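# Analysis of the macromolecular model
The lines below spell out each chain.
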Amino acid sequence: MTVKLHEFPNGFRVVAEEMPGLNSASIGIWVSAGGRHERLEQNGIAHFLEHMAFKGTKRRSALQIAEAIEDVGGYINAYTSREMTAYYARVLEDDVALALDVLGDIALNPVFDENEIETERGVILQEIGQAQDTPDDVVFDWLQEVAYPEQPMGRTILGPSERVRTFSKGDLKNFASEHYRPERMILSVAGAFDYDRVLVMAEQLFGGLERGQTDLLVPARFAGGERHEVKSLEQVHFALAFETPGYMDDAVYTAQVYSSVLGGGMSSRLFQEIRERRGLCYSIFAQTGAYADTGMTTIYAGTSGEQIGDLARITIDELKRAADDLNEAEVERARVQMKAGMLMGLESPSARAERMARLVEIWGRVPGVDEVVQKIEAVTHSSVREFATGLIEDTRPAMMVYGPAEAAPRLDDLTGRMAA
């Protein structure tokens, strides 16, 4: 399997990989227009625009968009993240051209009907309400705000309700014209398809778009800090985050190995000590995420109001212990888990298409699997130990506690425990 990458004169890129043995393909358009590209008064508009793409174009009604794909047995969806918005479909090989036509239509030609704007505004407000009623969702939004205060990286993707209520047709059109430009768009296809036909269609749909001007991102500044929200819930939701490398730094692989050792599965330190040995929670995990210029290693757990103090303190103790006695077998297990997870993910055309788009956005190319495996294998026992030590010595974390949290310790207590 060979990845093919083509760039048109206006900067629009097509990345594709055929997967023998499949009868279907995943195809999508990824746009560098996410939450962190919004100005303060625009917070939530990238997500609103994603919703409006499905509400009608110059050629298709909202129903016709859905029927076009579902009539051939496929599915179509979209999402907005902090750094990208994606529109994607999964269809049989013979219907790839149809899917590309529909995706191009919704990304480039939304009509922003006033009635549909009002309808979708209500839908998004319901989505915001649902998120706020889901503690283990909203706690991560609040943690992001604590970690990156008063900057685009720290704002919620959905936006605040009061701002979503004010977005107009003109606001949506202006954001689209500002960000939906060819040099910021990537078409990614994986599975069974005719590459030459995809390239011809892509040129017809996107080749005539005019290149825009380069936008400068507001650099992310991890500040750390804490927020306690006391509410009568069944559990306290506890989240702790440390700044770790962004995806342009190979040290991100060290951070990922570390978080896997710490809380990446049933054999991890946090799971074994806090859940299995002490029974302080049902769910606990650690994970590392990365952005263009920053990253976060996050620990999350849910526990009772009576046990939150013990859980938080033992979590800090496990962070310190990992810096002292983490062993080679744990590092090797984490490396194997990372490699297996990546390779198993590549068996899905949808995951492969998303991965290719993301890597082209980051690197301007798709690094080979062997190259990534080498970087994972280059993570050593000593480098993970050094990373673990630096994490507790050199960074001020962000902490979010939500629920019956009257007995929750303060961040200064925990950082003092780390330093002791």
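Everything below is about the structure shown above.
Just so it is clear, the model here is predicted, and its values are computed rather than measured. (Residues numbered from 1 in each chain as written. Predicted model: local features only at pLDDT ≥ 70, side-chain atom pairs only at ≥ 80, totals over all residues. Heavy atoms only, no water.)

## A look at the sheet that holds strand β7 (residues 225-230)
As summarised here, the arrangement of the five strands in space is β7-β11-β8-β10-β9, forming an open sheet in which the pairing is mixed. One side of each edge strand has no neighbouring strand; the edge strands of this open sheet are β7 and β9 (284-290). This sheet shows a mean twist of 10 degrees between the axes of neighbouring strands, independent of strand direction. As paired elements, strand β8 (residues 236-244) and strand β10 (residues 295-303) share nine bridges and run antiparallel to each other. Within the sheet, the bridge partner assigned to T244 lies in β10 and is G295. Set on the sheet, helix α9 (residues 251-263) makes contact with β8, β9 and β10; between it and β9 the angle comes to about 170 degrees. (Pairing = 2+ DSSP bridges. Helix = DSSP H or I, 4+ residues; strand = E, 2+ residues; numbered from the N terminus. Axes fitted to C-alpha atoms, helices over the stretch in contact; angles between N-to-C directions. Contact = heavy atoms within 4.5 Å.)

## What to know about the nonpolar core
If you look at the biggest cluster of nonpolar residues, it comprises 54 residues, and the most contacted ones within it are I27, Y87, I106 and L187. Residue contributions to this core peak at eight residues, all from helix α3 (residues 96-108). Ignoring any residue separated from it by four or fewer positions in sequence, one finds I106 in contact with A53, F54, T57, I65, I76 and Y87. V261, L270, I314 and I376 belong to the second largest nonpolar core, which has 50 residues in total. (Core = buried A, V, L, I, M, F, W, Y, C linked by side-chain atoms within 4.5 Å. Buried < 20%, exposed > 50% of the residue type's maximum accessible area, 1.4 Å probe, protein only.)

## Brief notes about the pattern of salt bridges
By the definition in use, this model includes 35 salt bridges. For the salt bridge of R36 with D293, the shortest nitrogen-to-oxygen distance reads 3.0 Å. Taken as a pair, R36 in the loop between β3 (24-31) and α1 (45-52) and D293 in the loop between β9 and β10 lie far apart in primary sequence, 257 residues in all. Taking the relative accessible area as the measure of exposure, R36 reaches 3% and is therefore buried. As a salt-bridge pair, E328 and R335 come within 3.0 Å of each other at their nearest N and O atoms. Overall, E328 belongs to the partly exposed group, its relative accessible area being 37%. Connected through shared salt-bridge partners, R269, E318, R321, D325 and E330 make up one network. (Salt bridge = Lys/Arg side-chain N within 4 Å of Asp/Glu carboxyl O.)

## A word on unusual backbone geometry
Notably, F112 is not glycine yet its phi reads approximately 55 degrees, a positive angle. Structurally, F112 can be placed in the loop between α3 and α4 (114-132). For E150, which is not glycine, the phi dihedral falls at a positive 55 degrees. Topologically, E150 is positioned in the loop between α5 (135-147) and α6 (161-164). We classify E150 as exposed; its relative accessible area is 79%.

## Structural notes on the packing of helix α12 (residues 328-345) against helix α14 (residues 369-377)
Two elements in contact, α12 and α14, have axes whose closest approach is 10 Å; the angle formed by their N-to-C orientations is 165 degrees. Here α12 lies roughly antiparallel to α14, going by the angle between them. Considering only the axes of α12 and α14, their crossing is right-handed. Of α14, the residues touching α12 (which contributes R335, M338, K339, M342 and L343) are V369, V372, V373, I376 and E377. Grouping the amino acids of the contact of α12 with α14 by side-chain chemistry returns seven nonpolar, no polar and three charged. (Parallel < 35°, antiparallel > 145°, perpendicular 65-115°, else oblique. Left-handed = near helix turned anticlockwise from the far one by under 90°. Nonpolar A, V, L, I, M, F, W, Y, C, P; charged D, E, K, R; others polar.)

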